[in-house]
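# Geometric and topological summary
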Amino acid sequence: MNKANEAEMMIGGDIFVNALIAEGVEHIFGYPGGATLHIYDAIFKQNKLQHILVRHEQGAVHAADGYARSTGKPGVALVTSGPGATNAITGIATAYLDSSPMVIITGQVPTALIGNDAFQEVDAVGISRPCTKHNFLVKDVKDLAETLKKAFYIATTGRPGPVLVDIPKDVTINRAVFEYPETVEIRSYKPVVSGHLGQIRKAADMMLSAKRPIIYSGGGVVLGNSTKELIDLTRLLGYPITQTLMGLGSYPPTDKQFVGMLGMHGTYEANMAMHESDVLIAIGARFEDRVTGVLEKFCPYAKIIHIDIDPSSISKNVKVDIPIVGAVDQVLQDLIQTIKETDQKSDAGALTTWWKQIETWRAKNCLNYDRNSPLIKPQFVLEKLSQLTEGNAFVASDVGQHQMFVAQYYQFAQPRHWINSGGLGTMGFGLPAAMGVQIAHPDETVVCVTGDGSIQMCIQELSTCQQFDLPIKIIMLNNGYLGMVRQWQELFYDKRYSHTYMEALPDFIKLAESYGHIGMRIEKPSEVENALAEGLAIKDRLVFMDFVIDQDEMVYPMIAAGKGHHEMLLSPERELA
Amino acid sequence: MRHTISILLENEAGALSRVAGLFSARGYNIESLTVAPTEDPSMSRMTIVTKGTDEIIEQITKQLNKLIDVIKLIDLTEGIHIERELMLVKVNVSTAHHREEIKRFVDIFRGSIIDVNETNYTIEMTGTADKLDAFIKTIDSTLILEVVRSGILGIARGSKSLHL
Ligand SMILES: Cc1ncc(C[n+]2csc(CCOP(=O)(O)OP(=O)(O)O)c2C)c(N)n1
Ligand SMILES: [Mg+2]
């Protein structure tokens, strides 16, 4: 090695930071420890890459996830070895089940100690294998830059997902020449892009021959940035469209063709239309059990077309008739083109009859609720929030009844604004995810809708919000219960409320204030609108709004376990229109 | 139905556990699994014998293909193919009668005796799993000290082949 080369050599920590900068990463969420000291030292010595210090590694990963979901760019989290890595796992699994593009870096004990049960050693690659798209252990500093490039490439292409890179401490202090490759080739990884044209033609034919068609779209449309194509296709066909929890925001919710969310807490009209349909057009959706109801009763009359980038999503739960593997935007463009070019026309008469039928279901007004209650109804809070923000706020939620109320009552006008843990259902996701969104969108309104149970699972992040001046609006729907679990106990366990009562809740106002935030308690329906307006108007502070809501409120409509789409339980108030 | 799936995968630390982990996490069963590097040391060839309905086998091949380390795979069962397994058996042959009998069966099954001492023979035999099973059933089971089987290897007949 000659002198000149030696001058270009960098330690692994600097290579790491420079690689991230070369990749275009601006923010990284993390928490330091022994194994990442050299990396943290490298972060200290520069100012291009901003590090956001969280208060728990789960928070770091959720924050990076929220950042990724709201921008489409990969989220990056950095944690130390051992407990840092294990604390990150919940966040990684959350990202995996919702196909969020992320790169998670874990520190590791020095290579010479690996396998020795060294201090703070865990097999991070082994533990994370089932919940990552792929993972790497970097054994030599010479491989560091290229491995990071591969990690970003894998995380963001094809069906996105989290990729973990485990870096032993010695690798971060050893030296190598820094060279960040512009592109990488992985011979065993070639994601498909365009769909098979023959299949697309068959699909167009089946779609146009339908008498009772329905479009069912999911998170794949959001991930694949295919909102425009979805809207174009839906308008071109004039067919009803329903969406999954993860798909919301990728079709205008106020449009007449939109029949609402489907599935366990979907609308009556969406689920009935699914059940009665003769052609089901599934786009970037994966037939998850909360969506399908019991499989034996799923869409008994329908022929199914399924468009997805992941071949393993096709015919996994439900056998489909026309599979199309490809990137959603490409496939939809080809489909639209094919439909425009063919002489075949859809059956206008049948469609009119179908829409009439759908309108009778819609007339049930299944999302109606008691508007005269002296208690605050959670639905009312979200309806008002939706109106005040015109459906344009970023809303991150936790998991429970409050999450379903957001999905039902907040009218998301844009994609990538609805940030929730749909696949894993991780309580504790909401607040840190909202932080990531706010970091990515400093001037936008970011709301975290949470419950009295969920907020306590990552409440420590209130401190991070203070440190980084994140003016998140926390809307806590406080029912004093683990409401969603309680709902099942009420309906199916004879009201034996086993361990779902949140005794000993803190005074959330004081708690928020102790972190330097603003706290508000709202106890009457008449105060709701003003309180929301007041809270939303505060642009420079975090506002914690504790809405004391009707403890007995339930999420309706509902498909119980073992039931089909046509067997929904409706709310007792639905007739009050 | 029983399927034999042949996989080319990156010869990297952890690749095997990705495949094994996939089978256990998704509840697929593995009857046998063999793996070793190919003529190109950067790649390994794996043969997995599994059982399942057509739907399950379809999912297994899709899930395997989804693993980043999997370069290519074929389900050999879809075409005509050859399967072979290697077996080593150590038997107790302390009497002349037993030595005689074992030697005769080994010849009939076209195996060979590869290690001998006063009381033991070690037999090597290759063939289909059925043939090896038949041999084990044929010989006197009280004589068997040890059976070691390699698991099944497979290759397509004719010009069809699994390569880069
Ligand atoms: C980490 C985690 N643990 C447990 C659960 C199971 N669970 C689902 S909803 C829920 C209740 C949530 O209560 P809260 O946050 O108060 O929301 P609510 O349903 O009352 O609106 C629980 C315990 C979960 N989803 N995540
Ligand atoms: Mg609650």
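What you are looking at is a predicted structure, and each value in this text was computed from that prediction instead of being measured.

The rules we used
Residues numbered from 1 in each chain as written. Chains lettered and ligands numbered in written order. Predicted model: local features only at pLDDT ≥ 70, side-chain atom pairs only at ≥ 80, totals over all residues. Heavy atoms only, no water. Helix = DSSP H or I, 4+ residues; strand = E, 2+ residues; numbered from the N terminus. Rg over C-alpha atoms; globule rule 2.2 N^0.38 Å. Buried < 20%, exposed > 50% of the residue type's maximum accessible area, 1.4 Å probe, protein only. Contact = heavy atoms within 4.5 Å. Areas by Shrake-Rupley, 256 points an atom, 1.4 Å probe, with all protein chains shown as cover. Buried area = accessible area lost by both parts, 1.4 Å probe. Salt bridge = Lys/Arg side-chain N within 4 Å of Asp/Glu carboxyl O. Polar contact = N/O pair within 3.5 Å; in protein donor to acceptor, adjacent residues only side chain to side chain. Nonpolar A, V, L, I, M, F, W, Y, C, P; charged D, E, K, R; others polar. Donors = N, O, S within 2.8 Å, 3.2 Å for Na, K, Ca; no water. Axes fitted to C-alpha atoms, helices over the stretch in contact; angles between N-to-C directions. Parallel < 35°, antiparallel > 145°, perpendicular 65-115°, else oblique. Left-handed = near helix turned anticlockwise from the far one by under 90°. Pairing = 2+ DSSP bridges. Near = heavy atom within 4 Å. Phe/Tyr/Trp six-rings, centres within 6.5 Å; stacked < 30°, edge-to-face > 60°. Lys NZ or Arg CZ within 6 Å of the ring centre and 35° of its normal.

## A few points about the overall build of chain A
Across its full length, chain A holds 21 helices and 20 strands. Rg of the C-alpha trace for chain A: 25 Å, near the compact-globule value of 25 Å for 577 residues, within the 12% margin. Taken over the C-alpha atoms alone, chain A extends approximately 80 × 60 × 40 Å along its principal axes. Scored against the burial criterion, the 577 residues of chain A give a buried share of 60%. In chain A, the proportion of contacts linking residues at least 24 apart, taken out of those at least 6 apart, comes to 76%. When the accessible surface of chain A is summed, it comes to about 22,400 Å², and 51% of that surface belongs to carbon and sulfur atoms.

## Notes on the interface of chain A and chain B
Taken together, the contact pairs 17 residues of chain A with 18 residues of chain B. When the two sides are added together, the surface that chain A and chain B hide from each other amounts to roughly 1,500 Å², 46% of it contributed by carbon and sulfur. Sorting the residues of chain A by area buried against chain B places R129, R187 and S188 of chain A first, and these three jointly supply 41% of that buried surface. In this structure, D310 of chain A engages K66 of chain B in a salt bridge whose closest nitrogen and oxygen atoms are separated by 2.7 Å. In this assembly, chain A and chain B are joined by 10 residue pairs in polar contact (both at pLDDT 80 or more). Split by residue class, the side of chain A that touches chain B holds five nonpolar, five polar and seven charged.

## A look at the coordination of the magnesium ion (ligand 2)
Residues and elements named next belong to chain A. Binding of the magnesium ion (ligand 2) to the protein goes through D452 (OD), N479 (OD1) and Y481 (O), at separations of 2.1 to 2.3 Å. Written as a sequence motif, the donor residues of the magnesium ion (ligand 2) are D-x26-N-x1-Y. Residue D452 is found in the loop between β17 (446–451) and α18 (461–467), and its partner N479 is found in the loop between β18 (473–478) and α19 (483–492); the two are separated by 27 residues along the sequence. Take N479: its relative accessible area is 6%, and that puts it in the buried class.

## Looking at the packing of helix α8 (residues 197–208) of chain A against helix α13 (residues 328–341) of chain A
Residue and element names in this part refer to chain A. Packing of α8 against α13 brings their axes to within 9 Å, and their N-to-C directions diverge by 60°. In terms of orientation, α8 and α13 fall into the oblique class. The two elements α8 and α13 cross, and the hand of that crossing is right-handed. Across the interface between the two elements, L197, I200, R201, A203, A204, M207 and L208 of α8 pack against V331, D334, L335, T338 and I339 of α13.

## Looking at helix α16 (residues 401–409) of chain A
Three- or four-residue spacings in an α-helix give side chains the same orientation, since the helix completes a turn every 3.6 residues. Across the nine residues of α16 of chain A, nine count as buried, placing the element largely inside the fold. Regarding α16 of chain A, the residues found buried are Q401, H402, Q403, M404, F405, V406, A407, Q408 and Y409 of chain A.

## Things to note about the sheet that holds strand β5 (residues 81–92) of chain B
Residues and elements named next belong to chain B. Here four strands make up an open sheet; going across it, the order is β6-β7-β5-β8 and the pairing antiparallel. Because the sheet does not close on itself, it has two edges, and the strands there are β6 (112–116) and β8 (144–156). Averaged over all pairs of adjacent strands, the angle between strand axes in this sheet comes to 15°, irrespective of strand direction. On the sheet, helix α3 (residues 96–108) packs against β5, β6 and β7 (120–127) and is oriented at approximately 15° with respect to β7. With respect to the sheet, helix α4 (residues 129–138) is in contact with β5, β7 and β8, its orientation differing from that of β7 by roughly 150°.

## Re the site of ligand 1
Residue and element names in this part refer to chain A. Taken together, 17 residues are adjacent to ligand 1, and Q401, G425, S454, G483 and M484 come closest. Within the backbone of G453, an N or O atom sits 2.9 Å from an oxygen atom of ligand 1. For ligand 1, an oxygen atom lies 2.9 Å from a polar atom in the side chain of N479. Coverage of ligand 1 by the protein chains reaches 76% of its 580 Å² of free accessible surface.

## Structural notes on the sheet that holds strand β20 (residues 543–548) of chain A
Residue and element names in this part refer to chain A. The strand order across the open sheet built from six strands is β16-β15-β17-β18-β20-β19, with neighbouring strands paired in parallel fashion. Across the chains shown, the open sheet's two edge strands, defined by having one partner strand only, are β16 (418–419) and β19 (518–522). In terms of strand pairing, β19 meets β20 through five bridges, oriented parallel. The partner of R521 across the bridge, within β20, is D546. In the packing of helix α15 (residues 378–389) onto the sheet, the strands contacted are β17, β18 and β20, and the crossing angle to β18 comes to about 160°. Strands β15 (394–397), β16, β17 and β18 of the sheet are contacted by helix α17 (residues 430–440), whose axis makes an angle of about 175° with β17.

## Topic: the side chain of H98 of chain B
Positionally, H98 of chain B belongs in helix α3. Those residues in contact with H98 of chain B that lie beyond four places of it in its chain are V93, D140 and L143 of chain B.

## Section: the packing of aromatic side chains
This structure, assessed with the given rule, holds 17 aromatic pairs over all chains. For the pair F178 of chain A and Y180 of chain A, a centre-to-centre distance of 6.5 Å together with 25° between the ring planes defines the contact as stacked. Looking at F178 of chain A, the relative accessible area reads 21%, which means it is partly exposed. Assessed through its relative accessible area of 15%, Y180 of chain A is described here as buried. Seen in terms of ring centroids, Y369 of chain A and Y409 of chain A are 5.9 Å apart; in terms of plane orientation they differ by 85°. Their pairing is edge-to-face. Here Y369 of chain A is found in the loop between α14 (348–362) and α15, whereas its partner Y409 of chain A is found in helix α16, with 40 residues between them in sequence. The same class applies to Y369 of chain A and to Y409 of chain A, which are both buried. Linked through ring pairs, Y216, F287 and F298 of chain A together constitute an aromatic cluster. If you follow R486 of chain A out to its NZ or CZ, it ends over the ring of Y497 of chain A, 4.5 Å from the centre. Its guanidinium or amino end placed over the ring of F105 of chain B, R104 of chain B lies 5.2 Å from that ring's centre, counting from NZ or CZ.

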